Amino acid sequence: MSGSAMSCEECLIIHPSCAWCAQEKFGSVRTLTSRCDLRQNLQKRGCEAHHMESPSSSTTVVKSEPLSSKGSGPTQYDVIQIMPQKISLSLRPGDQTSFKVQVRQVEDYPVDLYYLMDLSLSMKDDLDTIRNLGTKLADEMRKLTSNFRLGFGSFVDKNMSPFSYTNVPEVFLLGKLYKLFPSCVPSFGFRHLLSLTDKVDRFNEEVQKQMVSRNRDAPEGGFDAILQAAVCKERIGWRKEAFHLLVFATDDVPHLALDGKLGGLVQPHDGECHMNEKNEYSGSTKMDYPSLALLGEKLAANNIYLIFAVTKRLYVIYKNFTALIPGTTVEILDQDSKNIIQLIVNAYNNIRSKVELTVWDQPEDLSLSFTATCQDGQPLPGLRKCADLKIGDTVSFNVSVDARGCPAPGTQQSFTIKPVGFKDRLEVSVDYRCDCGCTNQTQANSTHCSSIGQYTCGICRCDPGYLGARCECQEGEAGSMYLSACRQAEGMQICGGRGECSCNQCFCYESEFGKIYGTFCECDDFSCARHKGILCSGHGECHCGECKCHAGYIGDNCNCSTDTSSCVTDDGQICSGRGSCACGRCQCTEPGAFGDTCEKCPTCPDACGTKRECIECRLFSSGRLSDNQTCQRLCKDEIITVETLKTDDPNAVLCLYKTENECVMKFTYSEHANGMSVLTALKEPECGAAPDAMTVLLAVVGSILLVGIVLLAIWKLVITVHDRREFARFQSARSRARYEMVRKGTTLPTSLTYI
């Protein structure tokens, strides 16, 4: 939004943190640099502090006299219950400012109490009860204040139809009603009977003179009486330096505004005092009843606390009125008003235990918020009221003020903050900081603007028909040929859609993402490749869409480091000889190898050989790494020695090697889940005993004899099998010869027979 501000005044309205740079030489050449921005941004772009326009809201205390501690005595006319008394605000739109208000209810403060009584017929027993009210009430109130005055007035209703009987006095003096109510007087709206006085006997005398009256409908005209008692200050005798109490005693509901139309009264109440020479309300039959809003306004303007003393059945109705009329309380009155004194004392104590702020004449374009700090010291945002206070307690309120806009130049406004029922008030005057100081230095027909414009706050305001940063061009020059000079190619947007064509050249827009530049605004410093959301990985600069990497980095987004130091192991190898270094990290190529430098590889062919050197130097202080410093630097794996080596672990590799004294050393090599290498080795190598020479000789001779016997046995077995086969063949041949001779009748020779 700040980029849309075409003047210093427009900039100030956008946001309270916006500042305008009025410096003459500001921004880059051929860049539409916004002079409206945050102060720190303007400073980064070269704007000097004394050229920045950024007014802020301020508060000035004009009058602040200390709070008083006591209300009566020689200083009673100078009692101060609110501090400060006058302040001045200088507001910039949207820039909130605040001030503190303290309020104290002083002790022994003067009290004026005006007793306003309903004298309709239903209040006859109440009138009898209060005939000696003045003396008793004064005695009780003097326990609370040494300066007390009492006054008295009465009311019934408008003396006109349909509110009252109009055939007076005949109906009361001659008719049946006189027989029923011989002590009645004609109806009246409001009658002031006794001005405020410290002679309480006068109150008793006036009350004893009074007689009840009678109206026709149930509602009474009490609101007419309340308004007259509030605005007729001279007649009633309200003191400016006193606490004002108005006690309204009735046993029925009141007439409200617009009820007067029933009697033809269409004129709204004007809120003024209308008392004739007889101290009676003369406008009763001329104007409508007052509204609740008018009643509340006049009571507050005259610092009057209204106490509704009503019967129990009316409590809810009048309680609702208290929500609409500030500074009003309601108490339950007995049917015959016998509790009126205690009621007034209770209401007075209740009123004095509270402090509530009200705002008068608040300008429409001002927003006020309150934070109360009561006796517990805890801030209560949104509240302008404290309760449960003791007389003499001090409470404070923080008031925040915010201007929503700028009125007409030179406008000054004011409003008033005052506690309900107090004469004391805080007057607040307001002026607006919507103008820039640099405007006062405007130069007409300035040479900065080619002598055809005004130079103000660092910019030119050209005369009609001229344009450009220095009013150097005429509007008629903006033809198609003129615009074509601002296109990179035919059919493309003017200045790539990222600038304005002025005077045959592109002036690029500013962007919240970075700088736009180039002959046709085709370049910027924020459209390059990113890595993990960081432009050029933070290791390069973006130039016209391409990353220019810093030294030591390569790649499209400069995320690849050329440094190999992180790939070198302690023994000087690159990636332990099991991989290659790419972008500063090892990429292991040996199957099974892992680790930052590929140093871990349980399954590699040389794993046992590598770990053997650590076993030798750590356990036996021998081998190539026997030097203690070298051993400790290169061999950091954990080595566990055991009596018997377990080889059933599938994750462990069994390694064996032959020592110098022809013994066998065994150990296992494994990797834990935490990445540590663990070597488990025998405490001592396994070495066998040398064989006995005789044993070897006997073993050799015995082996030879055993082989000879086995060979003879095999030869004997073969001969036996052969002889048996030959004998069987002979027997078979002889049997065939004998058979042939018998068949031919020849007798075998004797020699053959025996054979």
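Every chain is numbered independently, its residues counted from 1 as its sequence is written. Restriction of local features to residues with pLDDT of at least 70 applies here, the model being predicted, together with a cutoff of 80 or more for giving and counting side-chain atom pairs; totals for whole chains, interfaces and linings are based on all residues. Excluding hydrogens and water, the side-chain values take into account all heavy atoms of the structure.

The protein chain is annotated in an unreviewed UniProt entry as Integrin beta of Salmo trutta. As recorded by UniProt, the Sequence similarities (unreviewed entry) comment attached to the protein chain reads in full: "Belongs to the integrin beta chain family." UniProt positions are given in the numbering used here, feature names are shortened, and annotations may be inferred rather than shown by experiment. Check the Subcellular location (unreviewed entry) section of the UniProt entry for the protein chain; it says "Cell membrane".

Chemist: I would appreciate a short explanation of the overall build of the protein chain in the present structure.
Modeler: Along its length, the protein chain carries 17 helices and 41 strands. Reported accessibility uses the Shrake-Rupley method at a 1.4 Å probe radius. Residues are deemed covered only where the shown protein chains occlude them. Counting only carbon and sulfur atoms, one obtains 52% of the accessible surface of the protein chain, whose full area is about 40500 Å². Secondary structure counts use DSSP, requiring at least four H or I residues in a row for a helix and at least two E residues in a row for a strand, with both numbered from the N terminus.

Chemist: Help me out: how do you make sense of the pairing of strand S12 (residues 243-250) in this one?
Modeler: In summary, the side chains of a regular strand alternate between the two faces of the sheet. Burial within S12 is extensive, with 8 of its 8 residues counted as buried. With a 1.4 Å probe rolled over the protein chains alone, any residue whose accessible area is under 20% of its type maximum counts as buried; one over 50% counts as exposed, and the rest are partly exposed. Residues of S12 alternate between two faces, with Phe 243, Leu 245, Val 247 and Ala 249 on one and His 244, Leu 246, Phe 248 and Thr 250 on the opposite face, all of them buried. Note on pairing: two strands pair once DSSP finds at least 2 bridges between them. Taken together, the 7 bridges between S12 and strand S13 (residues 304-310) define a ladder with parallel strand orientation. Following the sheet pairing, Thr 250 is matched in S13 by Val 310. Between the parallel pair S12 and S13, the chain is carried across by helix H10 (residues 292-301), and the sense of this crossover is right-handed. Crossover handedness is defined by viewing with both strands directed away from the observer: a clockwise path from the first strand over the helix to the second marks the crossover as right-handed.

Chemist: How do you make sense of the state of the cysteines when you look at a structure like this?
Modeler: A covalent bond between the sulfur atoms of two cysteines is what we call a disulfide. Note on terminology: disulfide denotes any pair of cysteine sulfur atoms within 2.5 Å. For the structure on display, the rule yields 19 disulfides. Here Cys 232 pairs with Cys 273 through a disulfide, and the sulfurs are 1.9 Å apart. Here the disulfide of Cys 232 and Cys 273 is right-handed, its torsion about the S-S bond being about 110 degrees. Note that Cys 232 is positioned in the loop between helix H8 (222-231) and helix H9 (233-236) and Cys 273 in the loop between S12 and H10, a separation of 41 residues in sequence. Of all cysteine sulfurs, the one in Cys 36 lies closest to Cys 18, which takes part in no disulfide; the gap is 4.3 Å.

Chemist: Can you help me understand the nonpolar core in this one?
Modeler: Taken as a class, soluble globular proteins show a tendency for nonpolar side chains to be buried jointly. Among the buried residues, those of types Ala, Val, Leu, Ile, Met, Phe, Trp, Tyr and Cys that are joined through side-chain atoms within 4.5 Å form a nonpolar core. Core analysis: the biggest nonpolar cluster contains 74 residues, and Phe 99, Tyr 115 and Ile 340 have the highest contact counts within it. Among the elements that line this core, the one with the most residues is helix H12 (residues 340-352), at 8 residues. Domains are outlined according to an automatic or database domain assignment. Split by domain, this core shows at least three residues from each of two domains, domain 2 (58-107 + 357-432) and domain 3 (111-352). Formed by 33 residues, the second largest nonpolar core is a distinct cluster that contains Ala 230, Phe 248, Leu 294 and Ile 304.

Chemist: When you look at the sheet that holds strand S7 (residues 86-91) in this model, what are you seeing that I'm missing?
Modeler: Within a beta sheet, neighbouring strands are joined by backbone hydrogen bonds and run either parallel or antiparallel to one another. Sheet architecture is open: 6 strands sit in the order S5-S7-S21-S20-S15-S18, paired in mixed fashion. The open sheet is flanked by strand S5 (58-63) and strand S18 (385-386), the only strands paired with a single partner.

Chemist: For this particular structure, what's the right way to read the side chain of His 192?
Modeler: Here His 192 is to be found in strand S11 (residues 190-197). Polar contact is the term for a pair of N or O atoms within 3.5 Å; when the atoms are in protein, one must be able to donate a hydrogen and the other to accept it, and sequence-neighboring residues count only if both atoms are side-chain atoms. A polar contact of 2.7 Å, which involves the side chain of His 192, links it to the side chain of Tyr 114. Only 2.9 Å separates the side chain of His 192 from the side chain of Ser 195, close enough to count as a polar contact. Dropping the residues within four chain positions of it, His 192 is found in contact with Tyr 114, Phe 152, Gly 153, Arg 235, Ile 236, Met 275 and Asn 279. Any pair of residues with heavy atoms lying within 4.5 Å of one another is described as a contacting pair.

Chemist: Please clarify how the sheet that holds strand S8 (residues 97-104) should be interpreted in this entry.
Modeler: Taken in spatial order, the 5 strands make up an open sheet running S6-S8-S19-S16-S17, and their pairing is antiparallel. Edge strands, defined here as strands with exactly one partner in the open sheet, are strand S6 (82-83) and strand S17 (379-381). Here strand S16 (residues 366-373) pairs with S17 via 3 bridges, running antiparallel. Looking across to S17, one finds that Ala 372 is bridged to Leu 380.

Chemist: Looking at this structure, how should I read the environment of Glu 24?
Modeler: Locating Glu 24 in the fold gives a position in the loop between strand S1 (18-21) and strand S2 (31-32). Taking the C-alpha atoms as reference points, Glu 24 and Ile 459, separated by 435 residues in sequence, lie 7.6 Å from one another. In contact with Glu 24, not counting residues within four places along its chain, are Arg 35, His 448, Tyr 455 and Arg 470.

Chemist: Would you explain the packing of H8 against H10 in this entry?
Modeler: Pairs of packed helices are described in terms of their axes, by the angle between the two and the distance that separates them. A fitted line through C-alpha atoms represents every axis, and for helices the fit uses only the stretch in contact; the resulting angles, taken between N-to-C directions, go from 0 to 180 degrees. Relative orientation of the contacting elements H8 and H10 amounts to 25 degrees, with a least axis distance of 9 Å. Classified by the interaxial angle, the pair formed by H8 and H10 is roughly parallel. Here H8 and H10 pass one another in a crossing that is left-handed. In this structure, H8 uses Phe 223, Ile 226, Leu 227, Ala 230 and Val 231 to contact H10, whose residues at the interface are Leu 292, Leu 294, Leu 295, Lys 298 and Leu 299. For classification, angles of less than 35 degrees are called roughly parallel, those exceeding 145 degrees roughly antiparallel, those between 65 and 115 degrees roughly perpendicular, and all remaining angles oblique. Helix crossings fall into two classes, left-handed where the near helix is turned counterclockwise from the far one by less than a right angle and right-handed where it is turned clockwise.

Chemist: I would appreciate a short explanation of helix H7 (residues 200-209) in the present structure.
Modeler: Owing to its 3.6 residues per turn, the α-helix aligns residues three or four sequence positions apart on the same side. Burial in H7 covers these residues: Val 200, Phe 203, Asn 204, Glu 206 and Val 207. End-on, the buried residues of H7 take up no more than an arc of 165 degrees, which puts them together on one face. Contacts from the buried residues of H7 go to strand S9 (111-118), helix H3 (124-129), helix H4 (133-141), strand S10 (148-155) and S11. Note that the arc is defined by the directions from the helix axis to the C-beta atoms.

Chemist: What is the right way to read the environment of Val 664 from this model?
Modeler: Relative to the helices and strands, Val 664 resides in strand S40 (residues 664-671). Relative accessible area serves as the criterion here: at 30%, Val 664 is assigned to the partly exposed category. Once the C-alpha coordinates of Val 664 and Glu 684 are considered, the two residues, 20 residues apart in sequence, prove to be 9.1 Å apart. If sequence neighbours within four positions are ignored, Val 664 has contacts with Leu 656, Tyr 657, Pro 685 and Glu 686.

Chemist: Sorry, what's going on with unusual backbone geometry here?
Modeler: Negative phi values dominate among residues other than glycine, just as trans dominates among peptide bonds. Across the junction of Met 83 and Pro 84, the peptide omega takes the value 0 degrees, indicating a cis bond. Looking at the element boundaries, Pro 84 is found in the loop between S6 and S7. Residue Pro 162 is reached from Ser 161 by a cis peptide bond, and omega for that bond is 10 degrees. Positionally, Pro 162 belongs in the loop between S10 and helix H5 (170-173). Backbone geometry at Leu 258 places phi at a positive 85 degrees, although glycine is not the residue there. Examined against the element boundaries, Leu 258 turns out to sit in the loop between S12 and H10. According to the relative accessible area criterion, Leu 258 is exposed, its value standing at 57%. Phi angles above zero are rare outside glycine, and Ser 450 is one such case at about 55 degrees.

Chemist: What is the right way to read the pattern of salt bridges from this model?
Modeler: Any two side chains of opposite charge can pair, so long as their charged atoms come close to each other. Basic side-chain nitrogens of Lys or Arg form a salt bridge, by our definition, when they fall within 4 Å of a carboxyl oxygen of Asp or Glu. Under the defined criterion, the tally for this structure stands at 14 salt bridges. The salt bridge involving Arg 729 is made with Glu 726; its shortest N-O contact spans 2.7 Å. Here Arg 729 pairs with Glu 726, and both are found in helix H16 (residues 693-744), just 3 residues apart, close to one helical turn. Judged by relative accessible area, Glu 726 falls into the partly exposed class, the value being 38%. Sharing partners across several salt bridges, the network here consists of Asp 112, Arg 149 and Arg 239.

Chemist: Explanation requested: the packing of H4 against H12 in the structure shown.
Modeler: Relative orientation of the contacting elements H4 and H12 amounts to 35 degrees, with a least axis distance of 10 Å. For the element pair H4 and H12, the recorded crossing hand is right-handed. Residues Leu 133, Lys 136, Leu 137, Glu 140 and Met 141 of H4 pack against Ile 340, Ile 341, Ile 344, Val 345 and Tyr 348 of H12. In terms of residue class, the contact of H4 with H12 is made up of 8 nonpolar, no polar and 2 charged. Side-chain classes are defined by residue name, with Ala, Val, Leu, Ile, Met, Phe, Trp, Tyr, Cys and Pro counting as nonpolar, Asp, Glu, Lys and Arg as charged, and the others, Gly among them, as polar.

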